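Chain by chain, the residues run as shown.
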Amino acid sequence: MRSNSAVERDTRYLIHQQTNLEDYARNGGVLMARGDGVYVIDDQGNRYLEAMAAMWCASLGFSEKRLAEAAYKQMLELPYYHTFNRGHMPSIDLAEKLVEIAPKVGDAKPLSRVLLQCSGSEANDTAIKLIWYYFNAIGRPQKKKIIGRQRGYHGNTIATTSLSGQPHMHRDFDLPLGDRFLHAANPHYYRYAKPGESEEAFAERLAQELEALILAEGSDTIAAFFAEPVQGGGGAITPPATYFDRLQAILKKYEILFLVDEVICGFGRTGNMWGAETYGIKPDLLTCAKALSASYQPISALLLNEAIYEAMLSQSRKLGTFGHGFTYPRSAARPSIGRRRARRRPDVRCRAGGGQADPGAVRSEAQGRPAGVGGMPEGRTDRARDRGQDRLYAAADHHRGPDRRDVRPVPAGPGCRLEGTAAIVNACGVAARPAPAAPLRGSTHGRRRPPAARRDGHRPASGSPRRAPVRSGRAAPTGRTCSPAPRRSRPHISRSRPCC
Ligand SMILES: Cc1ncc(COP(=O)(O)O)c(C=O)c1O
């Protein structure tokens, strides 16, 4: 490592999160210097295709001038103001827009109120508090337990880590906290279905297990169920057919609130604006972040229905104030959502292949469900290209295989490398494809990488220089990353590290 180099100073002063600290201290990391559309460029000038939009965040590309200018303009006008007992235009505009575009599925109560926060964790943590607050307000204080799912991920505060089904985030942090957080089975059909079990039968079994859990705990103690439409941090797991329908029937029966965590899936990731729309989820609460501002500003939102808001109102009347609030939530994110909304013109539809078609047309053949885990509605790509913005959306094409039904890594292009994502793109491919008979190539599911392997799958030989990223067109070949674990007959919490 170069002495007093940036890499050396990085390892000397900075603590890197969700990282093997010893490994990082020994080998150093890649320092990113610039962004350019779907690419990032490191301090040595190497160019990488950021195929996962940097943890699903930079959904409108890196260093997009119009977003930067909009934020700059807002900062000159009013860089910061709190929203404790004051309002300001960017927040009002954003809240109104979110209510306008919120998912409207079947007979679900409209999501009509918005709380702005700074991160996905904060939004989910706030939701947990509000759910407890709500049940106190309506005179059912015993209803306090919250159900997440094994390998689900909802954030890294004490409460949201407890709710997440990620054992490596619990271990030695003394989590999960208390007895208020429960974990239902993981809906990973490929891994956990019994031999010969159909997706529907698997979903029915999970629904029965959920009901058994609720009854064992006492249905009058269960307040809410949290789920991501597609599990991201748990390994890009799409739900089996009919899963959410069956679960929702049970939640309704026992008057359990449903929070849909759209932190990853929101804003087009599954082919519709919301994962809730893709999977027919009728949420009482919704959280979103990441693509809300394309992560140019740290901002998240919690949307809730009028019944929950009414309870908050009555509590605030009783207690004299609504005693919750962070300092920083405010909006410079308006341009992002505005642009996204503009692209939702009726003629801008998702398409599979060349023609204009309904979003539902982008489907996984065997599963009969939309396939676009890592992708975006493709109609956007062409429209954007017309306007000269092709680079912003190129990642969507890079995620898809030639038949546009699959999700798999493709060459990043001349002079370009894949940044830390080839393995994860492969994981998306696993999620979107029907369960194959033969072992999958290059999946990261369920197995720990060899110790020195970096996320992009590159494993330097001992003593080799730290930089040798995966070259164009060589994303995660067989053996570079892990194979999936064999099917197991019973769901369990995996002891392995998640792939994302
Ligand atoms: C589904 C989901 N919820 C919540 C979070 C936490 O968001 P943040 O890291 O912004 O706190 C994440 C982060 O990846 C996530 O994937």
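The structure displayed is predicted, hence computed values, not measured ones.

**A look at the overall build of the protein**
Tallying secondary structure elements over the protein gives 17 helices and 13 strands in all. For the protein, long-range pairs separated by at least 24 residues make up 72% of all intrachain contacts whose partners lie at least 6 apart in sequence.

**Points about the sheet that holds strand E9 (residues 285-288)**
Strand order across the open sheet formed by seven strands is E4-E10-E9-E8-E7-E5-E6, with mixed pairing between neighbours. Of all the strands in the sheet, just strand E4 (111-117) and strand E6 (181-184) have a single pairing partner and so form its edges. Pairwise comparison of adjacent strand axes, ignoring direction, gives a mean angle of 20° for this sheet. Note: strand E7 (residues 222-227) against strand E8 (residues 257-261), four bridges, orientation parallel. Across the sheet, residue Ala 227 finds its bridge partner in E8, namely Val 260. The strands touched by helix H5 (residues 89-101) within the sheet are E4 and strand E10 (300-305), with E4 carrying the most contacts at an inclination of about 135°.

**Structural notes on the site of the ligand**
By nearness alone, 15 residues border the ligand, and Ser 119, Gly 120, Ser 121, Gly 155 and Val 263 come closest of all. Tallying contributions element by element places helix H6 (residues 120-137) first for the shell around the ligand, with three residues.

**What about the nonpolar core?**
Judged by nonpolar contacts, the single largest core of 88 residues is most densely connected at Ile 131, Ile 146, Ala 224, Leu 285, Ala 301 and Leu 303. With eight residues, H6 is the largest single contributor of residues to this core. If near-sequence neighbours (up to four positions away) are discounted, Ala 301 is found in contact with Leu 98, Val 114, Leu 115, Leu 116, Gln 117, Ala 123, Cys 288 and Leu 292.

**Description of the packing of helix H10 (residues 199-217) against helix H11 (residues 243-253)**
Contact geometry of H10 with H11 gives a least axis separation of 9 Å together with a crossing angle of 25°. Between H10 and H11, the angle falls in the class roughly parallel. Relative to H11, H10 is oriented so that their crossing is right-handed. Contact with H10, carried on its side by Ala 203, Glu 204, Leu 206, Ala 207, Leu 210 and Glu 211, involves Tyr 243, Arg 246, Leu 247 and Ile 250 of H11 and no other residues of that element. Broken down by class, the residue content of the contact of H10 with H11 amounts to seven nonpolar, no polar and three charged.

**Here we look at unusual backbone geometry**
The amide bond that connects Leu 175 to the next residue, Pro 176, takes the cis arrangement and shows omega of 5°. Turning to its location among the elements, Pro 176 is positioned in the loop between helix H8 (167-170) and E6. Positive phi, normally seen in glycine, also occurs at Ala 53, with a value near 50°. Position of Ala 53 among the secondary structure elements: in helix H3 (residues 53-56). Despite not being glycine, Trp 56 has its phi angle at roughly 65°, a positive value.

**Section: the packing of H6 against helix H13 (residues 306-319)**
The contact between H6 and H13 brings their axes to 9 Å, and the two run at 70°. In terms of orientation, H6 and H13 fall into the roughly perpendicular class. Facing H6, whose interface residues are Leu 130, Tyr 133, Tyr 134 and Ala 137, H13 presents Ile 308, Ala 311, Met 312, Ser 314 and Gln 315. Across the contact of H6 with H13, the residue classes break down as seven nonpolar, two polar and no charged.

**Describing the confidence of the model for the protein**
Per-chain confidence: the protein averages 74 in pLDDT, with 65% of residues scoring 70 or above. Confidence drops under a pLDDT of 50 for residues 420-500, and excluding neighbours within four residues, the segment shows 173 contacts in the predicted structure.

**Description of the environment of Gly 178**
As for its placement among the helices and strands, Gly 178 is situated in the loop between H8 and E6. Look at Gly 178 and you get exposed, because 11 C-beta atoms sit within 10 Å. Expressed as a C-alpha distance, the spacing of Gly 178 and Ser 162, which sit 16 residues apart in the sequence, is 8.8 Å.

**What to know about the pairing of E8**
Where burial is concerned, most of E8 is hidden: five out of the five residues are buried. The two faces of E8 match: Leu 257, Leu 259 and Asp 261 on one face and Phe 258 and Val 260 on the other face are all buried. Taken together, the three bridges between E8 and E9 define a ladder with parallel strand orientation. Residue pairing across strands places Asp 261 opposite Thr 287, the latter belonging to E9.

**Quick look at the pairing of E10**
Burial runs high along E10: five of the six residues are buried. The sheet contact formed by E4 and E10 spans six bridges and is antiparallel. Each bridged residue has a counterpart across the sheet, and for Leu 116 the counterpart in E10 is Ala 301. In this structure, E9 lies alongside E10, joined through four bridges in antiparallel fashion. Following the sheet pairing, Thr 287 is matched in E10 by Leu 302.

**Brief notes about the environment of Ala 224**
Examined against the element boundaries, Ala 224 turns out to sit in strand E7. By C-beta crowding, Ala 224 is classed as buried, having 25 other C-beta atoms within 10 Å. A sequence separation of 78 residues divides Ala 224 from Ile 146, and the C-alpha atoms of the two residues are 4.9 Å apart. Aside from chain neighbours lying at most four places away, what touches Ala 224 is Ile 131, Ile 146, Ile 256, Leu 257 and Leu 259.

**Focus on the environment of Leu 130**
Locating Leu 130 in the fold gives a position in helix H6. Residue classification places Leu 130 among the buried residues on the basis of 25 C-beta atoms within 10 Å. Spatially, the C-alpha atom of Leu 130 lies 9.5 Å from that of Ala 311, the residues being 181 residues apart in sequence. Those residues in contact with Leu 130, other than ones at most four positions away along the chain, are Ile 308 and Met 312.

**Considering H6**
For H6, built from 18 residues, the straight-helix expectation of 26 Å at 1.5 Å per residue is met to within 8% by its first-to-last C-alpha distance of 25 Å. Most of H6 sits inside the fold, with 14 of its 18 residues counted as buried. In the stretch just after H6, Gly 139 is the one whose phi turns positive, near 75°.

Here is what the cut-offs are and how they apply
- Residues numbered from 1 in each chain as written.
- Predicted model: local features only at pLDDT ≥ 70, side-chain atom pairs only at ≥ 80, totals over all residues.
- Helix = DSSP H or I, 4+ residues; strand = E, 2+ residues; numbered from the N terminus.
- Contact = placed C-beta atoms within 7 Å.
- Pairing = 2+ DSSP bridges.
- Axes fitted to C-alpha atoms, helices over the stretch in contact; angles between N-to-C directions.
- Near = placed C-beta within 6 Å.
- Core = buried A, V, L, I, M, F, W, Y, C linked by C-beta atoms within 7 Å.
- Buried ≥ 20, exposed ≤ 12 C-beta atoms within 10 Å, placed from the backbone.
- Parallel < 35°, antiparallel > 145°, perpendicular 65-115°, else oblique.
- Left-handed = near helix turned anticlockwise from the far one by under 90°.
- Nonpolar A, V, L, I, M, F, W, Y, C, P; charged D, E, K, R; others polar.
- pLDDT = per-residue confidence, 0-100.
- Expected span 1.5 Å × (residues − 1).

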